[in-house]
Amino acid sequence: MTKPNYYITTPIYYVNGLPHAGSALTTITCDVLARYHRMIGFNSWLLTGTDENATKVQEAAAKAGMPPTSFVDGLASEFRSAWNSLHIDYDDFIRTSEPRHILACQRFFQELVDRGYVYLDSYEGWYSVSDETFYLDDKVKDGFAIETGKPVIRVTEQNYFFKLSAFSDRLLKYYEDHPEFLKPDQRKNEVIGFIKEGLRDMCITRTNKGWGIEVPGDSTRVIYVWFDALINYLAATGWPDAPDWSERWPAALHVMGKEIFVRFHATLWPAMLMALDLPLPGQVYAHGWWTARGLQGKLGKSTGGLPTPAQFNHLLMKKAGIDADTAADAQRYILCREMNFGHDTDFTMDNCLRRYNTDLANDLGNLLNRSINMLGKFLDGIVPGVPLAAENTDIPALAEVVCVEYAAAMEDIRPNQALEAVWRLVSRLNKYVDESAPWSVAKRRESDPTADAVLQTILYNCLESARIATVLIQPFMPHASIKMLAQLGIIPSDQPPTWTDTEWGGLQGGTRTQPPLPIFPRIQDLALTEDDQVAIGLVAEEQKTPKGDTKPVSQEVTASSNIDKGPADAELNSTAAEPLITIDDLMKVQLRVGEVLAAEPIPGASKLLRLTVQLGDDDTRTILAGIAEYYDAETLPGRQVIVVANLQPRKMRGIESQGMLLAADIDGKAVLLQPDSPVAPGAKVR
Ligand code: MSP
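First things first, this report covers the structure right here in the doc. Keep in mind that what you see is a predicted model, and the values were worked out from it rather than measured. Throughout this description, residue numbers start from 1 for each chain and increase along the sequence as written. For this predicted model, a pLDDT threshold of at least 70 governs which residues receive local features, and a threshold of 80 or more governs which side-chain atom pairs are given and counted, while totals over whole chains, interfaces and linings are taken from all residues. Excluding hydrogens and water, the side-chain figures rest on all heavy atoms present in the structure.

1. Focus: the overall build of the protein chain
Under the convention used in this document: The helix count covers DSSP runs of H or I at least four residues long, the strand count covers runs of E at least two residues long, and both are numbered beginning at the N terminus. A simple rule labels every residue: compare its accessible area, found with a 1.4 Å probe on the protein chains alone, to the largest value its type can have, and call it buried under 20%, exposed over 50%, or partly exposed in between. Working rule for contacts: check all heavy atoms of both residues, and any pair within 4.5 Å makes them a contact. For every accessible area listed, the method is Shrake-Rupley and the probe measures 1.4 Å; residues are considered covered only by the protein chains on display.
When you go through the protein chain residue by residue, the secondary structure sums to 21 helices and 26 strands. In the protein chain, which comprises 686 residues, the proportion classed as buried is 52%. Contacts in the protein chain between residues at least 24 apart in sequence constitute 75% of all its contacts with a sequence separation of at least 6. Only carbon and sulfur atoms are counted for the fraction: they give 52% of the accessible area of the protein chain, which is about 29,900 Å².

Shown next as structure tokens:
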């Protein structure tokens, strides 16, 4: 049976600068989606490439003192190697300077002329080279585009126009008839608003200044770069002359950042396709931007403020002592997990490094390590057969639910939530190990004939869940997941896993596991030194503190920090030197073990969670804790915590907090303290 096609595209990137965490995010997302679709049985085809005919590219080449063709050749290969180093498995890389693209553009233009959609007129208005966008008078103030703040220049040119205004009604009807076409929904509303404001015909040529694709039959003009760039998606299928171009077209999905969604991908491109009676892509999706608080909310399109993939990789390699392939997978994971898809998200390197430690080194690493180590210690490193239900647990059912949630999040392009689902399984398993204490069960084996089956079940549940989690994270971390499967004793295959591999029971009895060498060793020192900051481009070499003053600088002191410590955080993070206290002072503090019964976010308080904590049979408290950034509310119920039980109640956000949780401060991140093994809620801590 032939597999259905899944043709997915990234935007093509301007080659006036290096790739960075913004372009990397779009590209990684597309690669993850392509791999996921391959896993669920599609014939995925990923296109990326470079946008080379822009005026700003010509200007950047002039600034570099290079002929534009060698300048773009150099940068196009930088993009290729950046994507290769990030394990982007693209099927095609199109450059808009290639003959196949030039031919497609000129044919497209000519067809529009032949169908009467193009006319010559004079254009007088504004043009922003930085945005490569035409602006009308009312969209410009004091020489800058109001929307983007970029400088504009006055242009008066005889140009060709595309009759875009003729498509308003057809576009609106199309959006209505195809509710999945524009995503996410809030951005669709922006598009509808934009069209309802009144679509004008669009200027689609510029005066030929020696760079760009010539208008067919008119060498005095070149095709406007956006008009040319959008056609890459079609050109890469072989349109118009390859006999099989329509086997690939239409694309299933175009992914891009929000700033190039409304005007270009959601309006101009579908109208261009409608004009030639070509089918429209299945979906056009816009993600938000990496932002930095304090820097007017936006990081520049140049790499300003954002590391390049190579800088990010080197930092991870240095901090964690890992190789380039592992660092690349970690970078893919971190960017996908940190970005709140569909919205803008603050980017800080502190958060990225913390994410590495909590999710990869701690949660995932622990699960794999403990499970394999215990198997070695108690069952000679050999996986038991699928066990009898000696130990009735929620684990297989949870694994199934997690797979369903993961798939729903991927279909809806919420990769961060797909990962959250997987980590719910990982966290639950770490807790399950604590609760079921396999080491105690192992001790009981001599006296209790049922203990062996219980032990086998516990260890099977751990290893099988680790295997399923590994399969689910394969689209995100293709290299590390192979290493993880190998540690679980699964011989690497040249075929990536399929969705069937997520079914419970795939791990065969008799499998011999391998030594669990840590794949993501913990970063011991999260603080970013000045040299680190220079290495990731946050601080220019010349801005370094003069030699002799070696004070480490955390990125938190920069404007890009998103750590806005609320009152509860401040309590958790206090490290100021205090005067010594007497034993009597200490005895005044009543510490008790509590069990979290419920946890929920507090609307409008992004740092706080509201917890219901049981401190004994008849003592249930409401406690507000500043841990929302570090713990998902749903992972907390059932967890044991240490509570300061005699703290004066305090109102925050109108809710009375009746105690405080103890947490370790690991580089500004709160890590909750809990008893070594489960104890009765209410027990005193001495
Ligand atoms: N060449 C056009 C696209 C033409 S597609 C037919 C272009 N190129 S770009 O290089 O400027 O941007 C490409 C992508 O990088 C966009 O999706 C953009 O949103 C993304 N990012 C650039 N900076 C970004 C952030 N700070 N944050 C997230 N992504 C951003 O536009």
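2. With respect to the packing of helix H13 (residues 349-379) against helix H17 (residues 451-473)
Note the cut-off: Lines fitted to C-alpha atoms define the axes here, with helix axes fitted over just the stretch in contact, and angles between the N-to-C directions of these axes take values from 0 to 180 degrees. In this scheme, a crossing is called left-handed if the near helix is turned counterclockwise away from the far one by less than a right angle; it is called right-handed if the turn is clockwise.
Contact pair H13 / H17: the axes reach a minimum separation of 10 Å and the direction vectors enclose 145 degrees. As H13 runs across H17, the sense of the crossing is left-handed. Judged by residue contacts, Leu364, Leu367, Leu368, Ser371, Ile372, Met374, Leu375, Phe378 and Leu379 of H13 engage Leu455, Gln456, Leu459, Cys462, Leu463, Ala466 and Ile473 from H17.

3. Looking at the sheet that holds strand S4 (residues 118-128)
Think of a sheet as strands paired side by side through backbone hydrogen bonds, with each pair either parallel or antiparallel. The condition that has to hold: Paired strands, in this sense, are two strands between which DSSP finds at least two bridges.
Strands sit in the order S5-S4-S8-S10 across an open sheet of four strands; the sheet is antiparallel. Edge positions in the sheet fall to strand S5 (133-135) and strand S10 (202-203), since each has one partner strand and no second. Across two bridges, strand S8 (residues 153-162) lies against S10 in antiparallel orientation. Paired with Phe162 across the bridge in S10 is Met202.

4. With respect to the packing of aromatic side chains
The condition that has to hold: Stacked, tilted and edge-to-face are the three classes assigned to paired rings of Phe, Tyr and Trp, where Trp is represented by its six-membered ring and a pair needs centres within 6.5 Å; plane angles under 30 degrees give stacked, over 60 edge-to-face, the rest tilted. Cation placement over rings: the criterion is NZ of Lys or CZ of Arg within 6 Å of the ring centroid and within 35° of the ring normal.
Evaluated as defined, the whole model comprises 33 aromatic pairs. Between the aromatic rings of Tyr6 and Phe42, the centroid separation amounts to 6.0 Å while the plane-to-plane angle is 70 degrees, which identifies the pairing as edge-to-face. Here Tyr6 is found in strand S1 (residues 5-14), whereas its partner Phe42 is found in the loop between helix H1 (21-39) and strand S2 (43-51), with 36 residues between them in sequence. On the accessibility criterion, Tyr6 (8% relative accessible area) is buried. In this structure, Arg154 is placed above the aromatic ring of Trp126, and the distance from its NZ or CZ to the ring centre is 4.7 Å. Arg248 extends its terminal NZ or CZ atom over the ring of Trp45, reaching a point 3.9 Å from the ring centre.

5. Brief notes about the layout of surface pockets
The line we're drawing: Definitions used throughout: a 1 Å grid over protein atoms alone; a cavity as a set of points that fits a 1.4 Å probe which cannot get out; a pocket as an open set with protein on both sides within 12 Å along at least five of seven lines; a lining residue as one with an atom within 4 Å of a point. Grid points are joined across faces, edges and corners, and a volume is the space filled by probe spheres set on the points. Note that Gly is not counted as nonpolar here; it falls among the polar residues with everything else outside the nonpolar set of Ala, Val, Leu, Ile, Met, Phe, Trp, Tyr, Cys and Pro and the charged set of Asp, Glu, Lys and Arg.
Of the volumes computed, that of the second largest pocket is approximately 1,300 Å³. As for the second largest pocket, its lining consists of 41 residues, of which Thr133, Tyr135, Glu147, Phe194 and Arg263 are closest to the centre. For the lining of the second largest pocket, the secondary-structure elements that each account for two or more residues are S4, S5, helix H6 (185-196), S10 and helix H10 (261-275). The element that contributes the greatest number of residues to the lining of the second largest pocket is H10, accounting for four residues. Counted by class, the lining of the second largest pocket contains 19 nonpolar, five polar and 17 charged residues.

6. A few points about the side chain of Asp329
Applied cut-off: For the purpose of charge, His is not counted, nor are the chain termini; Lys and Arg are scored as positive and Asp and Glu as negative. The rule for a salt bridge is simple: a side-chain nitrogen of Lys or Arg has to be within 4 Å of a carboxyl oxygen of Asp or Glu.
Of note, Asp329 is situated in helix H12 (residues 324-338). Buried within the structure, Asp329 lacks any salt-bridge partner; Arg332 is the closest side chain of opposite charge, at an N-O distance of 4.5 Å. Setting aside anything within four residues of it in sequence, one finds Asp329 in contact with His87, Phe476, Met477, Pro478, His479 and Ala480.

7. So, H6
How we decide: Multiplying one less than the number of residues by 1.5 Å gives the expected span of a helix. The arc under discussion is defined with respect to the helix axis, by the directions toward the C-beta atoms.
Between the first and last C-alpha of H6 there are 17 Å, a value that for twelve residues agrees with the 16 Å anticipated at 1.5 Å per step. Here H6 has its buried residues at Arg187, Lys188, Val191 and Ile195. Take H6 and look down its axis: the buried residues cluster within an arc of 110 degrees, on one side only. The outward face of H6, more than 90 degrees from its buried face, is lined by the exposed residues Asn189 and Lys196. Close packing links the buried residues of H6 with helix H5 (168-177), strand S9 (182-183), H10 and strand S15 (283-287).

8. Some remarks on the pattern of salt bridges
When the charged atoms of two side chains with opposite charge come close together, those side chains can pair. All told, the structure shown has 42 salt bridges when counted by the stated rule. The salt bridge partner of Arg263 is Glu147, with a shortest N-O separation of 2.8 Å. Note that Arg263 is positioned in helix H10 and Glu147 in the loop between strand S7 (144-145) and S8, a separation of 116 residues in sequence. Each of Asp394, Arg428, Lys431 and Glu435 takes part in one network of salt bridges that share partners.

9. So, the sheet that holds strand S12 (residues 214-215)
Across the sheet, three strands lie side by side as S11-S13-S12; this open sheet has antiparallel pairing. Where the open sheet ends on each side, the last strands, each with one partner, are strand S11 (205-207) and S12. Sheet topology places S11 next to strand S13 (residues 218-223); three bridges connect them, and they run antiparallel. Bridging across to S13, Arg206 finds its partner in Val222.

None of the figures reported here should be taken as evidence of function without further support.
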